[in-house]
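Overview (structure and organization)
Chain residues, written in single-letter form:
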Amino acid sequence: MNFQRLITFMFTSAAAGIATAVVVLLFWPGLLPHEEAVLNLNAPVPGNNGWADSVALAEPSVVNIYTSKITRQEGDPLFKNPLMQRYFGDPRGKPKLQRRNNLGSGVVVDANGYILTSNHVIKGADDIFIGAEDQPQVPARVVGIDPDTDLAVIQAAGKDLPPARLGNSAGLRVGDIALAIGNPFGVGKTVTQGIISATGREGLGLATFEDFIQTDAAINMGNSGGALINARGEVIGINTAILSSSGGSHGIGFAIPINLARQVMEQIIRHGRVIRGWIGASGSDLTPAIAKSMGLAEDTTGVLLSGILEDGPADKVGIMPGDIIQRINGKPVKNALEVMNAIAVAPPGTTMDLSILRNNKTMDVQLAVAERPLNVE
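Below or above, wherever it landed, is the structure these notes cover. Residue numbers here run from 1 along each chain, matching the order of that chain's written sequence. Totals for whole chains, interfaces and linings use all residues, but because this is a predicted model, local features are given only for residues with pLDDT of at least 70 and pairs of side-chain atoms are given and counted only at 80 or more. Side-chain figures throughout are based on the complete set of non-hydrogen atoms in the structure, without hydrogens or water.

In this section: the pairing of strand β18 (residues 351-358). If DSSP finds at least two bridges between two strands, the strands pair. We count a stretch as a helix when DSSP gives it H or I for four or more residues in a row; a strand needs E for two or more, and each element gets its number in order from the N terminus. Relative to β18, strand β16 (residues 324-328) runs antiparallel, the two being bridged by four bridges. Counted as the bridge partner of Ile 325 is Ile 356 from β18. Note: β18 against strand β19 (residues 361-368), eight bridges, orientation antiparallel. In the strand pairing of β19, Leu 357 is matched with Thr 362.

Moving on, we come to a nonpolar patch on the surface. The residues that make up patches have over 30% relative accessible area and no salt bridge, and they are joined within 9 Å when like-charged or within 5 Å when they are Val, Leu, Ile, Met, Phe, Trp or Tyr. Surface accessibility in these figures is a Shrake-Rupley result with a 1.4 Å probe; residues are shielded only by whichever protein chains are displayed. For salt bridges, the criterion is a side-chain nitrogen of Lys or Arg within 4 Å of an Asp or Glu carboxyl oxygen. Taken together, the side chains of Phe 185, Val 187 and Met 221 present a nonpolar region at the surface, about 360 Å² in accessible area. When you line up the elements, Phe 185 lands in the loop between β7 (177-182) and β8 (190-201).

We now examine the packing of aromatic side chains. Ring pairs shown here join Phe, Tyr and Trp side chains whose ring centres sit within 6.5 Å, with only the six-membered ring taken for Trp; geometry is labelled stacked below 30 degrees between planes, edge-to-face above 60, and tilted in between. Following the criterion strictly, the structure yields one aromatic pair and no others. Taken together, a centroid distance of 6.0 Å and an interplanar angle of 55° make the contact between Phe 212 and Phe 254 tilted. Of the two residues, Phe 212 is situated in strand β9 (residues 212-215) and Phe 254 in strand β12 (residues 253-257); the sequence distance between them amounts to 42 residues. For the residue pair Phe 212 and Phe 254, the accessibility class agrees, reading buried in each case. Three labels apply to residues, based on accessible area from a 1.4 Å probe with only protein chains included: buried if under 20% of the type maximum, exposed if over 50%, partly exposed otherwise in between.

Core analysis: the largest hydrophobic core is formed by 26 residues, its most contacted members being Leu 116, Val 235 and Ile 238. Within the residue set of this core, elements represented by two or more residues are α2 (52-58), β3 (114-118), β6 (151-156), β7, β10 (227-229), β11 (235-242), β12 and α5 (258-271). The element contributing the most residues to this core is α5, with five residues. The residues contacting Val 235, other than those within four sequence positions of it, are Val 107, Ala 164, Arg 165, Leu 166, Gly 167, Ala 227, Leu 228, Ile 229 and Ile 258. Only buried residues count toward a nonpolar core, which is a set of Ala, Val, Leu, Ile, Met, Phe, Trp, Tyr and Cys residues joined through side-chain atoms within 4.5 Å. By definition in these notes, contact holds between two residues if any of their heavy atoms fall within 4.5 Å.

On to the side chain of Gln 214. Structurally, the position occupied by Gln 214 is in strand β9. Apart from residues no more than four positions distant in its own chain, Gln 214 is found in contact with Ile 195, Ile 196, Ser 197, Ala 198, Arg 201, Ile 252, Gly 253 and Phe 254.

Here we come to the sheet that holds β8. Overall, antiparallel pairing links the six strands, which are arranged β7-β8-β9-β12-β11-β10 in a closed barrel. For this sheet, the mean inter-axis angle between neighbouring strands, taken without regard to orientation, is 45°. In terms of strand pairing, β8 meets β9 through three bridges, oriented antiparallel. What sits directly across from Ala 198, in β9, is Gln 214. Strands in contact with α5 are β11 and β12; relative to β12, the strand with the most contacts, it is inclined by about 50°. Here, axes are lines fitted to C-alpha atoms. For helices the fit covers the stretch in contact, and angles between N-to-C directions go from 0 to 180 degrees.

Fair warning: the whole summary comes from geometry, so function is off the table for now.
Structure (structure tokens):
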């Protein structure tokens, strides 16, 4: 009898528990335990302005640059032929003068109105004007140019513009956020977003000294000379070129690192030009195949000199074509770009110690660095 009561009690308790659970589920579902909510990283966050604050810091310092150049247009050269003139006359008339307009961008770098831009934006221009938002265009003058890096500095007249915050391009990493600001196709101030795709790009044939930042932030015609900024609104590069088969952005753009641009800018403002070291020699990387063909070990490193300018600094101390530079001031060299940069940053008159490999024998040479002439390789 006691056993039957126990069974009855158990079934009654179970039924009551189930009924209670059903009532709670229907009327008070919040009392039941539940799984943690899954955070949607793609959902908009209340109060999040994206990169608007970063852009707001840099955008006022980016200006539009308008240039014009007067060109002389001759008649059809076909009518220079005396036979054509005999039968058809000379319809060429007097040469016509045409004004060609161009546009680009620039970055204000100094409270005195100095603006950093690309050399190709202002090259050969007869007139230069800058424009900022809600302000009339004003004339600008060329302070100096540096074709070797495709950079130029201009100065605007009577313009009160805020200088940009210049960052540090030495610490850039692939994957960092990058925003490009400029005036593409003349549509007006435009911002595009991307990342740092690569650093240290060289050998592109765009300039003598190449150390480009590559980005997929859209860069188009008119963006040249504009700012590439980071997430803190600091300028990390000067936009200069794109790799494109159509003239439009394919996601491969290049900017000059701001650390290099700053060095060029400071020298142009101080001297009106960039002063670089030079030894009157040219060369290329020593590859394992070339080393083997010269009877050297394949792991031999250095820069193989191919050309020595007569009466240049290298020629005066006996350096010859075929010599291999292995060390500069005791530091091993890796490639030709490194050697060229090391020499370029040396002030003219500086004594430089070179370790040269010639006919499998090492020799030490001292030479005085000269100033790099214009328009040399």
